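Understanding the architecture of this molecule
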Amino acid sequence: MKISKLVAMVVGVVVLTAVGYGLASWFMGKPDEPALGGTQLEQTLAQLSTDAAANNENYAVGDRLPGSDAKKPAAFDPAFPELQWDDLMPADWDPMAAFRGLNIAELQDNDPKAQQALDTMRKAWNDAPVNPEFAGKKVRIPGFAIPIEQSDKGVDELLLVPYFGACIHTPPPPANQIIHVKLSEPQPAVGAMQAYWIWGELTASKFSSELGDAAYMIKATGIQPYDD
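Residue positions are given per chain, counting from 1 as you read along its sequence in written order. With the structure being a predicted model, the display of local features is reserved for residues of pLDDT at least 70 and the display and counting of side-chain atom pairs for 80 or more, all residues being used for whole-chain, interface and lining totals. Heavy atoms throughout the structure, all of them, feed into the side-chain values; hydrogens and water do not.

Further remarks concern the nonpolar core. Only buried Ala, Val, Leu, Ile, Met, Phe, Trp, Tyr and Cys residues count toward a nonpolar core, and they belong to the same one when joined by side-chain atoms within 4.5 Å. Exposure categories follow from relative accessible area, calculated using a 1.4 Å probe and restricted to protein chains: below 20% of the type maximum is buried, above 50% is exposed, and the middle band is partly exposed. Core analysis: the biggest nonpolar cluster contains 23 residues, and Ile 179 and Leu 202 have the highest contact counts within it. Each helix corresponds to a stretch of at least 4 residues labelled H or I by DSSP, and each strand to a stretch of at least 2 residues labelled E; elements are numbered beginning at the N terminus. Breaking this core down by element, the ones donating at least two residues are β1 (138–151), β2 (154–161), β3 (179–187), β4 (195–209) and β5 (212–225). The leading source of residues in this core is β5, at five residues. When checking whether two residues touch, look at their non-hydrogen atoms; a contact exists if any pair is within 4.5 Å. Apart from residues no more than four positions distant in its own chain, Ile 179 is found in contact with Trp 85, Leu 88, Ile 141, Leu 158, Leu 159, Leu 160, Leu 202, Ala 214, Tyr 216, Met 217 and Ile 218. Formed by 21 residues, the second largest nonpolar core is a distinct cluster that contains Phe 76, Ala 166, Ala 195 and Trp 197.

Right, dumping it as structure tokens:
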């Protein structure tokens, strides 16, 4: 499956990131900032990483959630059929195209080719195309939550990603593998990398944040912890 290869490629990106550059630089597209206590992004990542570790003991980086066919049936509205993450990527789109001809194992510390590869890949993945077949469809999809907006009543918006650790422990996946979720009501206890079912109408809508770019958006009709 495409997404399995994608997770393997993200591991390769982590290796590239470690080749003399640093995670914050990869996200921000600029040199490391030696500010006291780290940059705002570094502080956010550190907090999210701590929250993810505290809230999850059952998942390792790269783990995906089985669909409803692989676990006990839950009562869901049939108007919101389950969507597979692979289906969000157009069949003719190759997420690994930006790395063709690059041998990651040969790169050395501070090799300019590493930064060039990261820049090329980041642009290609941030501009990843959507699958128009699913735009405007009612869907239900499981994933891991990354809170991004909250009020005094709880979390209002989040990013939903297909595997554990995405955007926190590893660089973000392509934009067509990140869903920007707007919740109909604030949720008081959404922790980083907690697993949820989300359902609502899926639209193609670009959203950029320091944690990753999303190519899709769901105005959530409902949200439910995955293991309920």
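Read on for the rest.
If you check the backbone angles, Cys 167 has positive phi at about 75° while not being a glycine. Mapped onto the elements, Cys 167 comes out in the loop between β2 and β3. Positive phi, normally seen in glycine, also occurs at Met 193, with a value near 65°. As for its position among the elements, Met 193 is in the loop between β3 and β4.

Definition used for salt bridges: Asp or Glu carboxyl oxygen within 4 Å of a side-chain nitrogen of Lys or Arg. Using the criterion set out here, one finds three salt bridges in the structure. The closest approach of N and O atoms between Arg 122 and Asp 119, which form a salt bridge, is 3.1 Å. Highlighted residues: Arg 122 and Asp 119, both in helix α4 (residues 112–126), separated by three residues, approximately one helical turn. Given the relative accessible area of 15%, Arg 122 is considered buried. Residue Asp 119 is classed as partly exposed on the basis of its relative accessible area of 34%. Residue Asp 127 pairs with Lys 123 through a salt bridge whose shortest N-O separation is 3.2 Å. For Lys 123, a relative accessible area of 56% gives the class exposed.

All right, on to α4 then. An expected span of 1.5 Å times one less than the residue number is assigned to each helix. With 15 residues, α4 ought to run about 21 Å at 1.5 Å a step, and its terminal C-alpha atoms sit 21 Å apart, in line with that. Taken together, the buried positions of α4 are Ala 114, Ala 117, Leu 118, Met 121, Arg 122 and Trp 125. Here the buried residues of α4 occupy an arc of 130° about the axis, which is enough to place them on one side. Seen from the buried face of α4, the exposed residues on the opposite side, beyond 90 degrees, are Pro 112, Lys 113, Gln 116 and Lys 123. By construction, the arc corresponds to the directions joining the helix axis to the C-beta atoms.

Next up on the list: the side chain of Arg 140. Here Arg 140 lies in strand β1. Only 3.3 Å separates the side chain of Arg 140 from the backbone oxygen of Phe 80, close enough to count as a polar contact. The residues touching Arg 140, leaving out its near neighbours within four places in the chain, are Ser 68, Phe 76, Phe 80, Pro 81, Glu 82, Leu 83, Trp 197, Ile 198 and Trp 199. In protein, a polar contact means a hydrogen-donor-capable atom and an acceptor-capable atom, both N or O and within 3.5 Å, with residues adjacent in sequence counting only if both atoms are side-chain atoms; elsewhere, any N or O pair within 3.5 Å suffices.

Among the secondary structure elements, Asp 87 is positioned in the loop between α3 (40–55) and α4. A relative accessible area of 32% places Asp 87 in the partly exposed class. Along the chain, Asp 87 and Val 130 lie 43 residues apart, while their C-alpha atoms are 9.5 Å from each other. With residues up to four places along the chain from it excluded, the contact list for Asp 87 reads Asn 131 and Phe 134.

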